[in-house]
Structure formats: C-alpha cells, structure tokens
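Residue strings, one per chain:
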Amino acid sequence: MIPISLPTLLLLYLTLTTLSILIWWAYDQRLKKSPPPPEHKLTTCEFCSFQYLAPHNKPISKCPQCSSLTRGLRPLDPCQRAKPFGNRFPPSGQ
C-alpha cells in the first residue's frame, strides 16, 4: 500500500471535490446559454393566408404563393387553423 499522510489525503480530497464541482458548474453554464436568434420567422400572408418562412430582419416580404408583398404577421392561431370556415356557417342540424 502507498503511504499517504493525512494532510496530503485531505488536500487530494478537497482538490478532487472542488474540481468536480467546477466541471459540473461549467457544463451547467454551457447548457444555459440561449440559442442564437432565428434567421427566419414564420409569416402569414395577409391576402392568401399562406404560411412561409421570411427573413427575420426584413419588415416586408414577398409571398411565394401569391407574389404579394406582405408585412410580417404572426402565424395563425392553431384553433383558427382547425376551423377552415371559421364561424361563417352554422353548425349542422339547424
């Protein structure tokens, strides 16, 4: 067996513990970094309601489906996409 004095053993224990905590902290900080901002945003055309990816830094983009110039609007709400006719038609049975 290798003879180790008590102060050397304590120093080794504290060094390994501190080093492991430092490595864990650095790894945790690396995971917390926010991702870079997206280069494109999901845009909905004002005229044909087509959704496409437009450049993030341009306020006006051209719709690839109808070729109209449109401002960057938020994408449609998922509830609106589920009802293609909205509330224009009464429910069946009336």
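Residues numbered from 1 in each chain as written. Predicted model: local features only at pLDDT ≥ 70, side-chain atom pairs only at ≥ 80, totals over all residues. Heavy atoms only, no water.

**Remarks on the pairing of strand β1 (residues 40-44)**
- As paired strands, β1 and strand β2 (residues 51-55) are joined by five bridges and run antiparallel to one another. What sits directly across from histidine 40, in β2, is proline 55.
- Turn length for the β1-β2 hairpin, with the two strands adjacent in sequence and antiparallel, is six residues, and the turn residue serine 49 shows positive phi of about 60°. (Pairing = 2+ DSSP bridges. Helix = DSSP H or I, 4+ residues; strand = E, 2+ residues; numbered from the N terminus.)

**Focus: the packing of aromatic side chains**
- Counted by the stated rule, this structure contains one aromatic pair.
- Ring centres of phenylalanine 50 and tyrosine 52 lie 6.4 Å apart, and the angle between their planes is 15°; this geometry places the pair in the stacked category.
- Residue classification places phenylalanine 50 among the partly exposed positions, given a relative accessible area of 32%.
- What makes tyrosine 52 buried here is its relative accessible area of 8%. (Phe/Tyr/Trp six-rings, centres within 6.5 Å; stacked < 30°, edge-to-face > 60°. Buried < 20%, exposed > 50% of the residue type's maximum accessible area, 1.4 Å probe, protein only.)

**Quick notes on unusual backbone geometry**
- Phi at serine 49 takes a positive value of approximately 60°, unusual for a residue other than glycine.
- Along the polypeptide, serine 49 turns up in the loop between β1 and β2.
- Serine 49 sits in the partly exposed class, given a relative accessible area of 42%.
- Notably, serine 67 is not glycine yet its phi reads approximately 60°, a positive angle.
- Counting through the fold element by element, serine 67 comes out in the loop between β3 (60-62) and β4 (69-71).

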